[in-house]
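Understanding the architecture of this molecule
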Amino acid sequence: MNETFKEKFPHIKLTLSKIRSLKREMRKLAQEDCGFEEPTVAMAFVYFEKLALKGKLNKQNRKLCAGACVLLAAKIGSDLRKHEVKHLIDKLEEKFRLNRRELIAFEFPVLVALEFALHLPEHEVMPHYRRLIQSS
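Starting from 1, residues in each chain are numbered consecutively following that chain's sequence as written. Confidence filtering applies because this is a predicted model: local features only for residues at pLDDT of at least 70, side-chain atom pairs given and counted only at 80 or more, and all residues used for totals across whole chains, interfaces and linings. Hydrogens and water molecules were not included; the side-chain quantities draw on all heavy atoms of the structure.

As annotated in an unreviewed UniProt entry, the protein carries the name CDK5 and ABL1 enzyme substrate 1 and comes from Leptonychotes weddellii. The Sequence similarities (unreviewed entry) comment attached to the protein in UniProt states, word for word, "Belongs to the cyclin family." UniProt positions are given in the numbering used here, feature names are shortened, and annotations may be inferred rather than shown by experiment.

In C-alpha cells, the structure reads:
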C-alpha cells in the first residue's frame, strides 16, 4: 500500500500509513479531547491533505502541520472563545509534543501554503465528513 502510494505521489515525503496515523491523532484530539464536531475535523483533514499534495509535509514538520491545520479549522469552523483556543493549543502541545511558540509561528506559513483559502467548497469537505460520520 505504501509502495503504491509512493509510486503515485513521489513528491510526498511521508508514507500513507504515517499520514493516516496523523489524521487519527488529529481526529482524536479535536473530537475527544476538545469536543469539536465532524465538520471541523473534516476541514482540518482537507487542509492537511492539501499540504501533503503540495509537498509541504516532511518528517520534521508533520506534527506542526497537523497541529496548525487543527487550529486553523477550529478557528474557522467554530466560534471559539479565548479560553477554548488556549485549551486547544494546550492539547496540541501535549498530544503532538509541540512547542507552543513554534505552533503559533507555524500557523502563518501553513496559511500561506494553503493560499489563504480556508473556506472550502462542499465537495472537498463532504467525503471526509461522511467518512467521519460513518466511523463514529
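Okay, back to it.
1. Overview of helix α7 (residues 122-135)
End to end, α7 covers 20 Å across 14 residues, agreeing with the expected 20 Å (1.5 Å per residue, within 8%). The inward-facing, buried residues of α7 abut α2 (16-33) and α3 (38-53). Numbered from the N terminus, helices here are DSSP runs of H or I no shorter than four residues, and strands are runs of E no shorter than two. In a helix, the anticipated span is given by 1.5 Å times the number of residues less one. Whether two residues are in contact is decided by their heavy atoms, any of which lying within 4.5 Å being enough.

2. Things to note about the UniProt feature "domain: Cyclin N-terminal" (unreviewed entry) in the protein
Cross-referencing UniProt, the feature "domain: Cyclin N-terminal" (unreviewed entry) maps to residues 31-118 in the present numbering. Taken end to end, residues 31-118 comprises 72% helix and 0% strand; its first and last C-alpha atoms sit 20 Å apart.

3. Observations concerning the pattern of salt bridges
Just to be clear on terms, a salt bridge is a Lys or Arg side-chain nitrogen sitting within 4 Å of an Asp or Glu carboxyl oxygen. What the rule picks out here adds up to 10 salt bridges. In this structure, R100 and E93 form a salt bridge, with 2.9 Å as the shortest nitrogen-oxygen distance. Here's how the labels work: a residue is buried when its accessible area is under 20% of the maximum for its type, exposed when over 50%, partly exposed in between, all with a 1.4 Å probe on protein chains only. Classification of E93 as partly exposed rests on a relative accessible area of 27%. The structure contains a network of salt bridges with shared partners spanning K86, D90, E93 and R100.

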